[in-house]
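# Fold and contact review
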Number of protein chains: 2
Amino acid sequence: MTTPGSLGTPVDFYFDFSSPYGYVASAIADETEKRIGRPLTWRPMLLGPVFKLNGAQPLTNVPMKGEYSKRDFVRTARLHKVPFTQPDKFPINTVAAARAFYWVQDQDPVKARALAKALYRAYFAENRDISAPETLLEVARSIGVDGEALAKALEDPALKERTRREVDAAIAAGVFGSPFFIADGEPFWGVDRVPMLEDWIRTGGW
Amino acid sequence: MTTPGSLGTPVDFYFDFSSPYGYVASAIADETEKRIGRPLTWRPMLLGPVFKLNGAQPLTNVPMKGEYSKRDFVRTARLHKVPFTQPDKFPINTVAAARAFYWVQDQDPVKARALAKALYRAYFAENRDISAPETLLEVARSIGVDGEALAKALEDPALKERTRREVDAAIAAGVFGSPFFIADGEPFWGVDRVPMLEDWIRTGGW
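Residues numbered from 1 in each chain as written. Chains lettered and ligands numbered in written order. Predicted model: local features only at pLDDT ≥ 70, side-chain atom pairs only at ≥ 80, totals over all residues. Heavy atoms only, no water.

Let us now look at unusual backbone geometry. Backbone geometry follows two general trends: most residues other than glycine have a negative phi, and most peptide bonds adopt the trans configuration. In this structure, A:Pro179 follows A:Ser178 across a cis peptide bond, with omega equal to 0 degrees. Here A:Pro179 shows up in the loop between helix 9 (157–172) and strand 3 (180–183). Here the amide bond leading from B:Phe90 into B:Pro91 is cis, since omega sits at -10 degrees, within 30 degrees of zero. Residue placement: B:Pro91 occurs in the loop between helix 4 (65–79) and helix 5 (95–105). For A:Asp184, which is not glycine, the phi torsion reads 50 degrees and is therefore positive. Its place among the elements puts A:Asp184 in the loop between strand 3 and strand 4 (186–189). (Helix = DSSP H or I, 4+ residues; strand = E, 2+ residues; numbered from the N terminus.)

What follows is the structure, given as C-alpha coordinates:
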(Lines give C-alpha, C1' and ligand atoms only; values in the text may rest on other atoms or scores of the structure.)
Protein backbone atom coordinates (compact mmCIF):
# COMPACT_ATOMS: atom_id res chain seq x y z
CA MET A 1 0.00 0.00 0.00
CA THR A 2 1.19 3.49 -0.80
CA THR A 3 0.23 6.29 1.52
CA PRO A 4 -2.25 8.73 -0.11
CA GLY A 5 0.36 11.49 -0.22
CA SER A 6 2.90 9.44 -2.13
CA LEU A 7 0.46 8.21 -4.77
CA GLY A 8 1.76 9.27 -8.15
CA THR A 9 5.11 10.51 -6.84
CA PRO A 10 7.52 10.26 -9.79
CA VAL A 11 10.22 7.61 -9.85
CA ASP A 12 13.60 8.71 -11.20
CA PHE A 13 14.76 6.68 -14.18
CA TYR A 14 18.49 7.09 -14.84
CA PHE A 15 20.20 5.64 -17.90
CA ASP A 16 23.22 5.96 -20.15
CA PHE A 17 22.49 5.96 -23.89
CA SER A 18 25.26 3.39 -24.37
CA SER A 19 23.63 0.88 -22.01
CA PRO A 20 21.82 -2.12 -23.55
CA TYR A 21 19.82 -2.69 -20.37
CA GLY A 22 18.96 1.03 -20.31
CA TYR A 23 17.66 0.65 -23.86
CA VAL A 24 15.41 -2.24 -22.87
CA ALA A 25 14.20 -0.22 -19.87
CA SER A 26 13.38 2.70 -22.19
CA ALA A 27 11.44 0.41 -24.50
CA ILE A 28 9.28 -0.90 -21.65
CA ALA A 29 9.09 2.39 -19.73
CA ASP A 30 5.44 3.11 -20.58
CA GLU A 31 4.45 -0.37 -19.46
CA THR A 32 6.61 0.06 -16.32
CA GLU A 33 4.74 3.23 -15.41
CA LYS A 34 1.46 1.33 -15.61
CA ARG A 35 2.84 -1.55 -13.55
CA ILE A 36 4.20 0.64 -10.76
CA GLY A 37 1.39 3.19 -10.88
CA ARG A 38 3.88 6.08 -10.91
CA PRO A 39 5.30 8.34 -13.63
CA LEU A 40 8.98 7.99 -14.53
CA THR A 41 11.26 11.02 -14.70
CA TRP A 42 13.79 10.29 -17.43
CA ARG A 43 17.34 11.29 -16.48
CA PRO A 44 20.12 10.42 -18.92
CA MET A 45 23.50 10.25 -17.18
CA LEU A 46 27.02 9.12 -18.03
CA LEU A 47 28.57 5.95 -16.71
CA GLY A 48 32.09 7.12 -17.64
CA PRO A 49 32.50 9.49 -14.66
CA VAL A 50 30.93 6.88 -12.34
CA PHE A 51 33.39 4.21 -13.46
CA LYS A 52 36.25 6.66 -12.98
CA LEU A 53 35.06 7.26 -9.42
CA ASN A 54 34.54 3.67 -8.33
CA GLY A 55 37.16 1.92 -10.46
CA ALA A 56 34.61 -0.02 -12.51
CA GLN A 57 34.69 -0.51 -16.25
CA PRO A 58 32.27 -1.24 -19.09
CA LEU A 59 30.65 -4.60 -18.46
CA THR A 60 31.86 -6.11 -21.73
CA ASN A 61 35.49 -5.51 -20.65
CA VAL A 62 35.15 -7.38 -17.35
CA PRO A 63 36.82 -10.84 -17.34
CA MET A 64 34.31 -13.71 -17.68
CA LYS A 65 31.32 -11.35 -17.25
CA GLY A 66 32.15 -9.60 -20.52
CA GLU A 67 31.48 -12.52 -22.85
CA TYR A 68 28.51 -13.54 -20.74
CA SER A 69 26.97 -10.08 -20.87
CA LYS A 70 26.81 -10.11 -24.67
CA ARG A 71 24.55 -13.17 -24.55
CA ASP A 72 22.57 -11.63 -21.74
CA PHE A 73 21.88 -8.39 -23.66
CA VAL A 74 20.30 -10.39 -26.48
CA ARG A 75 18.30 -12.62 -24.15
CA THR A 76 17.10 -9.66 -22.04
CA ALA A 77 15.82 -7.88 -25.15
CA ARG A 78 14.18 -11.09 -26.33
CA LEU A 79 12.53 -11.66 -22.94
CA HIS A 80 10.95 -8.22 -23.19
CA LYS A 81 10.19 -8.57 -26.91
CA VAL A 82 12.36 -5.61 -27.82
CA PRO A 83 14.35 -5.61 -31.11
CA PHE A 84 18.09 -5.68 -30.43
CA THR A 85 21.33 -5.84 -32.39
CA GLN A 86 24.69 -5.55 -30.63
CA PRO A 87 26.11 -2.32 -32.15
CA ASP A 88 29.40 -2.56 -34.07
CA LYS A 89 30.79 0.36 -32.10
CA PHE A 90 30.32 -0.27 -28.37
CA PRO A 91 30.40 1.37 -25.94
CA ILE A 92 30.20 4.90 -27.28
CA ASN A 93 30.53 8.40 -25.89
CA THR A 94 27.00 9.56 -25.06
CA VAL A 95 27.54 13.06 -23.73
CA ALA A 96 26.10 14.71 -26.87
CA ALA A 97 23.01 12.48 -26.70
CA ALA A 98 22.50 13.41 -23.05
CA ARG A 99 22.91 17.11 -23.85
CA ALA A 100 20.42 16.85 -26.70
CA PHE A 101 17.94 15.22 -24.34
CA TYR A 102 18.19 17.95 -21.71
CA TRP A 103 17.96 20.71 -24.31
CA VAL A 104 14.73 19.25 -25.71
CA GLN A 105 13.50 18.45 -22.20
CA ASP A 106 13.64 22.11 -21.20
CA GLN A 107 11.29 22.96 -24.07
CA ASP A 108 9.09 19.88 -24.33
CA PRO A 109 9.38 16.93 -21.89
CA VAL A 110 7.13 14.71 -24.02
CA LYS A 111 9.34 15.26 -27.06
CA ALA A 112 12.46 14.62 -24.96
CA ARG A 113 11.15 11.18 -24.06
CA ALA A 114 10.42 10.50 -27.74
CA LEU A 115 13.99 11.61 -28.55
CA ALA A 116 15.46 9.26 -25.96
CA LYS A 117 13.49 6.33 -27.33
CA ALA A 118 14.47 7.20 -30.90
CA LEU A 119 18.16 7.53 -30.02
CA TYR A 120 18.16 4.21 -28.16
CA ARG A 121 16.34 2.49 -31.04
CA ALA A 122 18.76 3.95 -33.59
CA TYR A 123 21.73 2.66 -31.64
CA PHE A 124 20.52 -0.72 -30.40
CA ALA A 125 18.00 -1.77 -33.05
CA GLU A 126 19.45 -0.10 -36.16
CA ASN A 127 23.18 -0.18 -35.37
CA ARG A 128 23.55 3.56 -35.99
CA ASP A 129 26.38 5.33 -34.18
CA ILE A 130 24.57 8.06 -32.23
CA SER A 131 27.90 9.44 -30.98
CA ALA A 132 28.40 10.84 -34.51
CA PRO A 133 26.95 14.39 -34.55
CA GLU A 134 25.26 13.99 -37.95
CA THR A 135 23.49 10.80 -36.85
CA LEU A 136 22.39 12.38 -33.59
CA LEU A 137 20.91 15.34 -35.49
CA GLU A 138 19.27 13.05 -38.05
CA VAL A 139 17.52 11.07 -35.32
CA ALA A 140 16.47 14.30 -33.59
CA ARG A 141 15.04 15.69 -36.83
CA SER A 142 13.13 12.46 -37.43
CA ILE A 143 11.00 13.13 -34.36
CA GLY A 144 10.48 16.80 -35.17
CA VAL A 145 13.35 18.53 -33.37
CA ASP A 146 14.85 21.62 -35.06
CA GLY A 147 18.22 20.22 -36.11
CA GLU A 148 19.91 23.53 -36.74
CA ALA A 149 18.93 24.91 -33.34
CA LEU A 150 20.03 21.69 -31.65
CA ALA A 151 23.41 21.74 -33.43
CA LYS A 152 23.93 25.25 -32.14
CA ALA A 153 22.77 24.38 -28.63
CA LEU A 154 25.21 21.46 -28.43
CA GLU A 155 28.06 24.00 -28.58
CA ASP A 156 26.54 26.15 -25.86
CA PRO A 157 28.55 26.10 -22.58
CA ALA A 158 25.27 26.58 -20.67
CA LEU A 159 23.90 23.26 -22.00
CA LYS A 160 27.21 21.54 -21.22
CA GLU A 161 27.01 22.89 -17.70
CA ARG A 162 23.35 21.90 -17.37
CA THR A 163 24.20 18.32 -18.40
CA ARG A 164 27.21 18.17 -16.08
CA ARG A 165 24.99 19.19 -13.18
CA GLU A 166 22.57 16.38 -14.02
CA VAL A 167 25.36 13.82 -14.11
CA ASP A 168 26.82 15.12 -10.84
CA ALA A 169 23.38 14.96 -9.24
CA ALA A 170 22.95 11.37 -10.40
CA ILE A 171 26.29 10.39 -8.89
CA ALA A 172 25.43 12.24 -5.69
CA ALA A 173 22.17 10.26 -5.58
CA GLY A 174 24.22 7.05 -5.66
CA VAL A 175 23.57 6.02 -9.27
CA PHE A 176 26.29 3.57 -10.36
CA GLY A 177 24.70 1.68 -13.23
CA SER A 178 22.12 1.82 -15.99
CA PRO A 179 19.21 1.62 -15.83
CA PHE A 180 18.82 2.82 -12.28
CA PHE A 181 15.55 3.73 -10.60
CA ILE A 182 15.09 5.70 -7.39
CA ALA A 183 11.65 5.55 -5.76
CA ASP A 184 11.17 7.55 -2.56
CA GLY A 185 14.93 7.39 -1.98
CA GLU A 186 15.12 3.63 -2.57
CA PRO A 187 17.57 2.57 -5.33
CA PHE A 188 16.87 -0.19 -7.87
CA TRP A 189 19.59 -1.14 -10.35
CA GLY A 190 18.86 -2.95 -13.57
CA VAL A 191 15.93 -3.60 -15.87
CA ASP A 192 15.73 -6.95 -14.05
CA ARG A 193 14.70 -5.03 -10.94
CA VAL A 194 11.46 -3.67 -12.41
CA PRO A 195 9.42 -6.54 -10.87
CA MET A 196 11.07 -5.78 -7.52
CA LEU A 197 10.36 -2.05 -7.89
CA GLU A 198 6.74 -2.91 -8.63
CA ASP A 199 6.54 -5.23 -5.61
CA TRP A 200 8.25 -2.69 -3.38
CA ILE A 201 5.84 0.09 -4.31
CA ARG A 202 2.78 -2.18 -4.16
CA THR A 203 3.65 -3.50 -0.72
CA GLY A 204 4.47 -0.05 0.69
CA GLY A 205 8.25 0.09 0.79
CA TRP A 206 10.18 -1.15 3.79
CA MET B 1 9.82 -25.76 -27.64
CA THR B 2 12.38 -28.26 -26.42
CA THR B 3 13.42 -31.04 -28.74
CA PRO B 4 12.16 -34.43 -27.51
CA GLY B 5 15.70 -35.59 -26.76
CA SER B 6 16.47 -32.65 -24.48
CA LEU B 7 13.25 -32.93 -22.46
CA GLY B 8 14.20 -33.45 -18.86
CA THR B 9 17.92 -32.84 -19.41
CA PRO B 10 19.26 -31.59 -16.07
CA VAL B 11 20.25 -27.96 -15.61
CA ASP B 12 23.41 -27.34 -13.58
CA PHE B 13 22.82 -25.15 -10.54
CA TYR B 14 26.06 -23.72 -9.15
CA PHE B 15 26.20 -21.78 -5.90
CA ASP B 16 28.49 -20.69 -3.07
CA PHE B 17 27.14 -21.23 0.44
CA SER B 18 28.14 -17.66 1.31
CA SER B 19 25.98 -16.15 -1.45
CA PRO B 20 22.67 -14.53 -0.44
CA TYR B 21 21.32 -14.83 -3.98
CA GLY B 22 22.41 -18.48 -4.02
CA TYR B 23 20.45 -18.97 -0.82
CA VAL B 24 17.30 -17.51 -2.36
CA ALA B 25 17.85 -19.71 -5.44
CA SER B 26 18.13 -22.77 -3.17
CA ALA B 27 14.91 -21.85 -1.39
CA ILE B 28 12.98 -21.62 -4.68
CA ALA B 29 14.81 -24.48 -6.42
CA ASP B 30 11.90 -26.93 -6.27
CA GLU B 31 9.56 -24.32 -7.74
CA THR B 32 12.22 -23.48 -10.37
CA GLU B 33 12.36 -27.12 -11.47
CA LYS B 34 8.61 -27.07 -12.00
CA ARG B 35 8.78 -23.80 -13.90
CA ILE B 36 11.55 -24.89 -16.26
CA GLY B 37 10.39 -28.51 -16.54
CA ARG B 38 13.90 -29.80 -15.87
CA PRO B 39 15.68 -31.20 -12.82
CA LEU B 40 18.47 -29.14 -11.25
CA THR B 41 21.87 -30.68 -10.49
CA TRP B 42 23.12 -28.94 -7.36
CA ARG B 43 26.81 -28.03 -7.54
CA PRO B 44 28.27 -26.02 -4.65
CA MET B 45 31.39 -24.14 -5.72
CA LEU B 46 33.67 -21.48 -4.25
CA LEU B 47 33.69 -17.88 -5.39
CA GLY B 48 37.08 -17.23 -3.75
CA PRO B 49 39.16 -18.94 -6.47
CA VAL B 50 37.00 -17.30 -9.18
CA PHE B 51 37.57 -13.85 -7.75
CA LYS B 52 41.30 -14.54 -7.54
CA LEU B 53 41.29 -15.47 -11.22
CA ASN B 54 39.28 -12.54 -12.55
CA GLY B 55 40.23 -9.85 -10.05
CA ALA B 56 36.73 -9.51 -8.65
CA GLN B 57 35.83 -9.23 -4.97
CA PRO B 58 32.87 -9.92 -2.71
CA LEU B 59 29.96 -7.76 -3.81
CA THR B 60 29.61 -6.02 -0.46
CA ASN B 61 33.20 -4.70 -0.77
CA VAL B 62 32.64 -3.07 -4.18
CA PRO B 63 32.37 0.75 -4.03
CA MET B 64 28.76 2.00 -4.35
CA LYS B 65 27.45 -1.49 -5.23
CA GLY B 66 28.38 -2.80 -1.78
CA GLU B 67 25.93 -0.68 0.21
CA TYR B 68 23.31 -1.15 -2.48
CA SER B 69 23.67 -4.92 -2.45
CA LYS B 70 22.79 -5.17 1.22
CA ARG B 71 19.39 -3.61 0.50
CA ASP B 72 19.02 -5.78 -2.56
CA PHE B 73 19.64 -9.02 -0.64
CA VAL B 74 16.75 -8.21 1.70
CA ARG B 75 14.43 -7.14 -1.09
CA THR B 76 15.26 -10.18 -3.22
CA ALA B 77 14.45 -12.51 -0.34
CA ARG B 78 11.25 -10.59 0.33
CA LEU B 79 10.21 -10.73 -3.33
CA HIS B 80 10.52 -14.51 -3.22
CA LYS B 81 8.96 -14.77 0.27
CA VAL B 82 12.10 -16.33 1.74
CA PRO B 83 13.15 -15.52 5.34
CA PHE B 84 16.45 -13.60 5.39
CA THR B 85 18.74 -11.97 7.94
CA GLN B 86 22.07 -10.50 6.90
CA PRO B 87 24.55 -12.68 8.82
CA ASP B 88 26.86 -10.96 11.31
CA LYS B 89 29.87 -12.71 9.80
CA PHE B 90 29.87 -12.20 6.04
CA PRO B 91 31.22 -13.48 3.73
CA ILE B 92 32.51 -16.73 5.21
CA ASN B 93 34.77 -19.54 4.07
CA THR B 94 32.50 -22.23 2.65
CA VAL B 95 34.93 -24.94 1.64
CA ALA B 96 33.91 -27.25 4.52
CA ALA B 97 30.23 -26.81 3.62
CA ALA B 98 30.95 -27.67 -0.01
CA ARG B 99 32.96 -30.73 1.05
CA ALA B 100 30.16 -31.88 3.34
CA PHE B 101 27.71 -31.55 0.48
CA TYR B 102 29.78 -33.67 -1.92
CA TRP B 103 30.41 -36.30 0.74
CA VAL B 104 26.68 -36.69 1.40
CA GLN B 105 25.94 -36.43 -2.33
CA ASP B 106 28.04 -39.50 -3.08
CA GLN B 107 25.89 -41.52 -0.68
CA ASP B 108 22.47 -39.94 -1.01
CA PRO B 109 21.75 -37.09 -3.50
CA VAL B 110 18.34 -36.37 -1.97
CA LYS B 111 19.87 -35.92 1.46
CA ALA B 112 22.63 -33.73 -0.02
CA ARG B 113 20.02 -31.34 -1.32
CA ALA B 114 18.36 -31.30 2.10
CA LEU B 115 21.76 -30.55 3.64
CA ALA B 116 22.36 -27.66 1.26
CA LYS B 117 19.00 -26.14 2.07
CA ALA B 118 19.56 -26.62 5.81
CA LEU B 119 23.04 -25.04 5.68
CA TYR B 120 21.77 -22.06 3.70
CA ARG B 121 18.84 -21.60 6.07
CA ALA B 122 21.10 -21.83 9.12
CA TYR B 123 23.38 -19.13 7.72
CA PHE B 124 20.92 -16.73 6.09
CA ALA B 125 17.76 -17.19 8.15
CA GLU B 126 19.21 -18.08 11.57
CA ASN B 127 22.50 -16.15 11.52
CA ARG B 128 24.51 -19.26 12.38
CA ASP B 129 28.14 -19.32 11.24
CA ILE B 130 28.30 -22.49 9.13
CA SER B 131 32.05 -21.99 8.62
CA ALA B 132 32.47 -23.13 12.24
CA PRO B 133 32.98 -26.93 12.20
CA GLU B 134 30.69 -27.58 15.17
CA THR B 135 27.82 -25.62 13.57
CA LEU B 136 28.30 -27.38 10.25
CA LEU B 137 28.12 -30.77 11.99
CA GLU B 138 25.12 -29.70 14.04
CA VAL B 139 23.19 -28.71 10.94
CA ALA B 140 24.20 -31.94 9.19
CA ARG B 141 23.05 -34.01 12.16
CA SER B 142 19.73 -32.17 12.23
CA ILE B 143 18.85 -33.64 8.82
CA GLY B 144 20.03 -37.13 9.72
CA VAL B 145 23.67 -37.12 8.63
CA ASP B 146 26.12 -39.17 10.72
CA GLY B 147 28.11 -36.36 12.32
CA GLU B 148 31.03 -38.45 13.44
CA ALA B 149 31.53 -39.97 10.00
CA LEU B 150 31.22 -36.54 8.39
CA ALA B 151 33.77 -35.01 10.79
CA LYS B 152 36.19 -37.74 9.80
CA ALA B 153 35.46 -37.38 6.08
CA LEU B 154 36.14 -33.63 6.22
CA GLU B 155 39.76 -34.45 7.08
CA ASP B 156 40.07 -36.94 4.21
CA PRO B 157 42.39 -35.75 1.39
CA ALA B 158 40.23 -37.64 -1.10
CA LEU B 159 37.18 -35.51 -0.25
CA LYS B 160 39.29 -32.36 -0.44
CA GLU B 161 40.48 -33.43 -3.87
CA ARG B 162 36.94 -34.34 -4.96
CA THR B 163 35.71 -30.89 -3.97
CA ARG B 164 38.65 -29.17 -5.65
CA ARG B 165 37.83 -30.98 -8.89
CA GLU B 166 34.22 -29.77 -8.68
CA VAL B 167 35.33 -26.18 -8.17
CA ASP B 168 37.84 -26.42 -11.02
CA ALA B 169 35.16 -27.88 -13.28
CA ALA B 170 32.79 -25.04 -12.39
CA ILE B 171 35.45 -22.47 -13.28
CA ALA B 172 36.25 -24.33 -16.51
CA ALA B 173 32.53 -24.20 -17.34
CA GLY B 174 32.68 -20.40 -17.02
CA VAL B 175 30.93 -20.01 -13.68
CA PHE B 176 31.84 -16.62 -12.20
CA GLY B 177 29.00 -15.87 -9.79
CA SER B 178 26.33 -17.40 -7.58
CA PRO B 179 23.79 -18.66 -8.32
CA PHE B 180 24.75 -19.71 -11.81
CA PHE B 181 22.72 -22.02 -14.04
CA ILE B 182 23.93 -23.78 -17.17
CA ALA B 183 21.26 -25.26 -19.44
CA ASP B 184 22.44 -27.07 -22.58
CA GLY B 185 25.68 -25.05 -22.42
CA GLU B 186 23.87 -21.72 -22.00
CA PRO B 187 24.90 -19.75 -18.88
CA PHE B 188 22.47 -17.80 -16.67
CA TRP B 189 23.83 -15.78 -13.76
CA GLY B 190 21.69 -14.72 -10.83
CA VAL B 191 18.44 -15.71 -9.19
CA ASP B 192 16.99 -12.80 -11.17
CA ARG B 193 17.66 -14.82 -14.33
CA VAL B 194 15.28 -17.65 -13.44
CA PRO B 195 12.44 -16.09 -15.51
CA MET B 196 14.86 -15.78 -18.44
CA LEU B 197 16.02 -19.38 -18.02
CA GLU B 198 12.38 -20.44 -18.04
CA ASP B 199 11.66 -18.36 -21.16
CA TRP B 200 14.79 -19.63 -22.89
CA ILE B 201 13.90 -23.27 -22.29
CA ARG B 202 10.23 -22.79 -23.16
CA THR B 203 11.01 -21.03 -26.43
CA GLY B 204 13.65 -23.56 -27.46
CA GLY B 205 16.94 -21.80 -26.82
CA TRP B 206 18.60 -19.66 -29.44
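Our focus in this paragraph is the side chain of A:Glu166. All names here are of chain A. The residue Glu-166 is located in helix 9 in this model. Exposure remark for Glu-166: the relative accessible area of 15% places this residue in the buried category. A polar atom in the side chain of Glu-166 sits 2.5 Å from the side chain of Arg-162. Sequence-distant contacts of Glu-166, that is, excluding residues within four places in its chain, are made with Arg-43 and Tyr-102. (Buried < 20%, exposed > 50% of the residue type's maximum accessible area, 1.4 Å probe, protein only. Polar contact = N/O pair within 3.5 Å; in protein donor to acceptor, adjacent residues only side chain to side chain. Contact = heavy atoms within 4.5 Å.)

Residues and elements named next belong to chain B. With respect to topology, four strands assemble into an open sheet ordered 2-1-3-4, the strand pairing being mixed. The outermost strands of the open sheet, each flanked by one partner alone, are strand 2 (40–44) and strand 4 (186–189). Adjacent strand axes in the sheet meet at a mean angle of 20 degrees when their direction is disregarded. Bridge count between strand 1 (residues 11–15) and strand 3 (residues 180–183): three bridges; the pairing is antiparallel. Each bridged residue has a counterpart across the sheet, and for Asp-12 the counterpart in strand 3 is Ile-182. (Pairing = 2+ DSSP bridges. Axes fitted to C-alpha atoms, helices over the stretch in contact; angles between N-to-C directions.)

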